[in-house]
Amino acid sequence: MVLSLVDLCAKEVVSDHSSSPSWLCCVPRELYRSLLEAAFTSCRPLAVGELVQRWPERNLRVGGRRKPGQHPPNRLCIQALLLAVVRGLSDHRCALQVLDLCGLQSEEGGIGDPMGGWSLTVALCTMVVQARAGAQRAQRRDRERERKRFLAMEREKDVKRERGQEGKTKVEGERQEGGEASTETGETETPGIPGEEEIKGVRRRMEMERKRESAVAGSRKESEEMDLDSEVVMHVRADLFVNARSWERVRVALRTAGPLKLQCRYLRVEELSVSSIRTLLDLLPRQGLLGVDIRYSSLGLAGFVALLPQLSTFPALSSLRLHYCNLDLRRDQSEQEGALGDMSQGLAKLKRLSRLSLTALRLPGHLRTLLSSLSQPLEILELPYLSLSPADLAYLSTSQHASSLQQLDLSENRLDENTLPSVRRLLSQASGSLQHLTLSGCGLTDGLLGALLPSLGCCRALKSLGMALNPLSMARLLDLVRTAAKMPSLRRLLYPNPLEDYQPGLPDLPSSAQLLDWPLDDVMEVHATSNQLKRLLTESGRSDLFLTCDLLNYDKDLVE
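Reading the values: rules and limits
Residues numbered from 1 in each chain as written. Predicted model: local features only at pLDDT ≥ 70, side-chain atom pairs only at ≥ 80, totals over all residues. Heavy atoms only, no water. Helix = DSSP H or I, 4+ residues; strand = E, 2+ residues; numbered from the N terminus. Buried < 20%, exposed > 50% of the residue type's maximum accessible area, 1.4 Å probe, protein only. Contact = heavy atoms within 4.5 Å. Areas by Shrake-Rupley, 256 points an atom, 1.4 Å probe, with all protein chains shown as cover. Axes fitted to C-alpha atoms, helices over the stretch in contact; angles between N-to-C directions. Parallel < 35°, antiparallel > 145°, perpendicular 65-115°, else oblique. Left-handed = near helix turned anticlockwise from the far one by under 90°. Nonpolar A, V, L, I, M, F, W, Y, C, P; charged D, E, K, R; others polar. Phe/Tyr/Trp six-rings, centres within 6.5 Å; stacked < 30°, edge-to-face > 60°. Salt bridge = Lys/Arg side-chain N within 4 Å of Asp/Glu carboxyl O. Right-handed = clockwise from strand over helix to strand, strands pointing away. Polar contact = N/O pair within 3.5 Å; in protein donor to acceptor, adjacent residues only side chain to side chain. Expected span 1.5 Å × (residues − 1). Core = buried A, V, L, I, M, F, W, Y, C linked by side-chain atoms within 4.5 Å. Disulfide = S-S within 2.5 Å. pLDDT = per-residue confidence, 0-100. Pairing = 2+ DSSP bridges.

Asks: Which residues make up the overall build of the protein, and what are the values?
Replies: When helices and strands are tallied, the protein shows 18 helices and 13 strands. Buried positions account for 45% of the 560 residues belonging to the protein. Residue pairs in contact within the protein that sit at least 24 positions apart in sequence constitute 82% of those at least 6 positions apart. Approximately 29300 Å² of the protein is accessible, and the part contributed by carbon and sulfur atoms is 50%.

Structure representation (structure tokens):
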């Protein structure tokens, strides 16, 4: 990645923290973004904190898709950013109103010690609570200053009153001594008594005023607390990762009213009960939630049906993902037919839904019921480990979704001669829109793949293709790569290790689990296969097509 002159200069400026006082006071606002990116890249948490604390613009986005070769921000830099946000609330130089951290999370333990989604969520919740506590302390200090100022004004008024009464008494005494008192009526006045009564009246009025001021101060305190609840200085948008350990902290942060308002773009929950998920959904702002990802939670069909009415209250919700949530419909239970209908009706209320992912939910024969009620075609459909039946694939190939699919995952759904025509018809319908296709672990043999290759070659928009863990010979693998080389849009191919690369003893038609666990014959053989495939690409003039057999590190989202 080639750096521009501005980026190189910014990297040099933030490299020496001792010089920051000399340039922070005069740097133009147009350079803050370049300086912040340089501070993240060079891992300068002090510079990150100073820049964010006095951020001159209303919006700041940190995160999102990274450029090739660009690493995520360091954990220390993210912590410095969050601390600076809290400090910036009381800094008049900070104009920040919207902080967007969506996509900032990364895998724990990656290159450069990035911060994962779970740790980032906990840190964000801590920041929200700390901002609330800091605002309360600031208000208490303001109230104390106001109280002291009021008492000083009262003392000054008391002193002026006392001085005025002393002067009045002295004048009256002088008048009496000078014979100005009237003697014609025969009445005598006792010097000083009217003054004492007046002083007592003043003191009573002062006591009443103090009581009144204390009552006003109490009402002022209540109104200030209400102002604290209603006044939001900054909105913080992020992707929230919640599990059983962090659920309580997230719940407190979402309920906390203060200067920072936490908003969620994508919500991912793991190992939470239905009641906990419902509580979490109730606390989230209605606007802005785009996706919900529920994993490893024993929902059951009834639990998922209970969640759908709440999900329909989020108008922008476009993505719903369920992974290993134990929706088992294979059991012959009469009440499950009614629950399945309720599930279909609940999905139909998600008007903006364009992505649906159902992993290992064991729903054979029910795909038509689930998808036919949707109000608009899906763009992303992920159905791995779903035990799809021939009827399911036949419906999908002729449904409204077929021609709109951009991403399709049928991994670990076994394909055979009965389902192959439906798959070919599906690929023909989606040939103009499909960009990512995954058929890993589908039991594609040499014969099945040979019949499927012409349909694959017609997918002119395809960018990534996953074919791992299929029992293919070296000759059929070469045919697959030749077909891939003729697809101009294809950029990544996840290919299976050919059967010749495995140690002896492998069954004639091994399953994907056997291919995953069975040891390879020799490292040199694997390298020989890779080199042969690369030579084939070079001969075809496709140096831009990336080949890999590394299933664990394969990421289709890296495609530009």
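Next, the rest of the story.
Asks: Report on the packing of helix 13 (residues 390-398) against helix 14 (residues 420-429), specifying residues and quantitative values.
Replies: Look at helix 13 against helix 14: their axes get within 8 Å of each other, and the N-to-C directions meet at 20 degrees. Overall, the two elements helix 13 and helix 14 adopt an arrangement that is roughly parallel. Our pair here, helix 13 against helix 14, has a crossing hand that is left-handed. Of the residues in helix 14, those in contact with Pro 390, Leu 393, Ala 394, Leu 396, Ser 397 and Thr 398 of helix 13 are Ser 422, Val 423, Arg 425, Leu 426 and Gln 429. Tallied by class, residues from the contact of helix 13 with helix 14 come to six nonpolar, four polar and one charged.

Asks: Would you mind going over the side chain of Asn 497 in detail, with residue names and values included?
Replies: With respect to the helices and strands, the residue Asn 497 is situated in the loop between strand 12 (492-494) and helix 17 (512-517). Residue Asn 497 is classed as buried on the basis of its relative accessible area, which comes to 16%. With residues up to four places along the chain from it excluded, the contact list for Asn 497 reads Leu 472, Tyr 502, Leu 520, Val 526 and Cys 549.

Asks: Could you give an account of the packing of aromatic side chains, naming the residues involved and the relevant values?
Replies: Under the defined criterion, the tally for this structure stands at three aromatic pairs. On the numbers, 5.7 Å between centres and 15 degrees between planes, the contact of Tyr 296 with Tyr 324 is stacked. With a gap of 28 residues between them, Tyr 296 in the loop between strand 5 (291-295) and helix 10 (300-311) and Tyr 324 in the loop between strand 6 (319-323) and helix 11 (335-348) connect regions that are remote in the sequence.

Asks: Residue-level account of the pattern of salt bridges, with values.
Replies: If charged atoms from side chains of opposite charge come close, those side chains can pair. Throughout the structure, instances matching the rule amount to twelve salt bridges. Across the pair Arg 476 and Asp 479 runs a salt bridge, and its minimum N-O distance is 3.0 Å. With a gap of three residues between them, Arg 476 and Asp 479 both fall in helix 16 (residues 474-485), about one helical turn apart. By relative accessible area, Asp 479 is classed as partly exposed at 26%. Among the charged side chains, a network of salt bridges with common partners joins Asp 293, Arg 295, Arg 321, Arg 355 and Glu 382.

Asks: So what's going on with the pairing of strand 6? Residues and values would help.
Replies: Within strand 6, five of the five residues are buried, leaving the element largely enclosed by the surrounding structure. In this fold, the crossover linking strand 5 to strand 6 by way of helix 10 has right-handed handedness.

Asks: Break down the side chain of Asn 413 for me, with residues and values.
Replies: Position of Asn 413 among the secondary structure elements: in the loop between strand 9 (407-409) and helix 14. Polar contacts involving the side chain of Asn 413 include one to the main-chain amide nitrogen of Ser 387, which spans 3.0 Å. Separated by 3.3 Å, the side chain of Asn 413 and the backbone oxygen of Leu 410 make a polar contact. Not counting chain neighbours up to four residues away, the residues in contact with Asn 413 comprise Leu 383, Pro 384, Tyr 385, Leu 386, Ser 387, Leu 388, Gly 441 and Cys 442.

Asks: Break down helix 10 for me, with residues and values.
Replies: The end-to-end C-alpha separation of helix 10 is 17 Å, in line with the 16 Å expected for twelve residues at 1.5 Å each. Those residues of helix 10 that fall on the buried side of the exposure criterion are Gly 300, Leu 301, Gly 303, Phe 304, Val 305, Leu 307, Leu 308, Gln 310 and Leu 311.

Asks: Report on the packing of helix 9 (residues 274-283) against helix 10, specifying residues and quantitative values.
Replies: At a minimum axis distance of 10 Å, the contact between helix 9 and helix 10 shows a crossing angle of 0 degrees. In this view, helix 9 runs roughly parallel relative to helix 10, as classed from their interaxial angle. The residues of helix 10 that touch helix 9, namely those facing Val 274, Ile 277, Arg 278, Leu 281 and Asp 282, are Gly 303, Ala 306, Leu 307, Gln 310 and Leu 311. Here the residues of the contact of helix 9 with helix 10 sort into six nonpolar, two polar and two charged.

Asks: Which residues make up the nonpolar core, and what values go with them?
Replies: Counting 135 residues, the largest nonpolar core has Leu 81, Leu 101, Leu 267, Leu 299 and Met 343 as the members making the most contacts within it. The dominant element in this core, judged by the number of residues it contributes, is helix 16, at seven residues. Apart from residues lying up to four places away in sequence, Leu 299 is in contact with Val 274, Ile 277, Ile 294, Phe 304, Leu 307, Leu 322, Cys 325 and Leu 327. The next biggest cluster of nonpolar side chains, apart from the first, holds seven residues, and it includes Tyr 502, Leu 506, Leu 515 and Tyr 554.

Asks: Account for the state of the cysteines, naming residues and giving values.
Replies: Applying the stated criterion across every chain, the model contains zero disulfides. Summary of cysteine pairing: Cys 43 is not part of a disulfide, and the nearest cysteine sulfur, belonging to Cys 77, is at 4.3 Å. A residue is classified by how much of its surface remains accessible, and Cys 43, at 32% relative accessible area, is partly exposed. Overall, Cys 77 belongs to the buried group, its relative accessible area being 0%.

Asks: Tell me about unusual backbone geometry, residues and numbers included.
Replies: Residues other than glycine seldom take positive phi values, yet Cys 43 does so here, at roughly 55 degrees. Residue placement: Cys 43 occurs in the loop between helix 3 (32-41) and helix 4 (45-53). Here Tyr 296, not a glycine, exhibits a phi torsion of approximately 55 degrees, which is positive.

Asks: Can you break down the confidence of the model for the protein residue by residue, with the values?
Replies: Mean pLDDT over the protein: 85, with 83% of residues reaching 70 or higher. Per-residue pLDDT stays below 50 along residues 181-194; that stretch engages in four contacts with residues further than four places along the chain or on separate chains. Note that pLDDT drops below 50 for residues 224-229; the model gives that stretch twelve contacts with residues more than four away or on any other chain.

Asks: For the pairing of strand 5, give the residues involved together with the corresponding values.
Replies: Burial of strand 5 is extensive: five of the five residues sit out of reach of the surface. Side-chain alternation along strand 5 places Gly 291, Asp 293 and Arg 295 on one buried face and Val 292 and Ile 294 on a second face that is also buried. Once the chain exits strand 4 (residues 260-270) it traverses helix 9 before rejoining the sheet at strand 5, and the crossover so formed is right-handed. Bridging between strand 5 and strand 6 involves five bridges; their strand directions are parallel. Looking at the pairing, Arg 295 lines up with His 323 of strand 6.

Asks: Could you give an account of the environment of Leu 509, naming the residues involved and the relevant values?
Replies: Following the sequence through the fold, Leu 509 ends up in the loop between strand 12 and helix 17. On the basis of relative accessible area, Leu 509 is assigned to the exposed category, the value being 60%.

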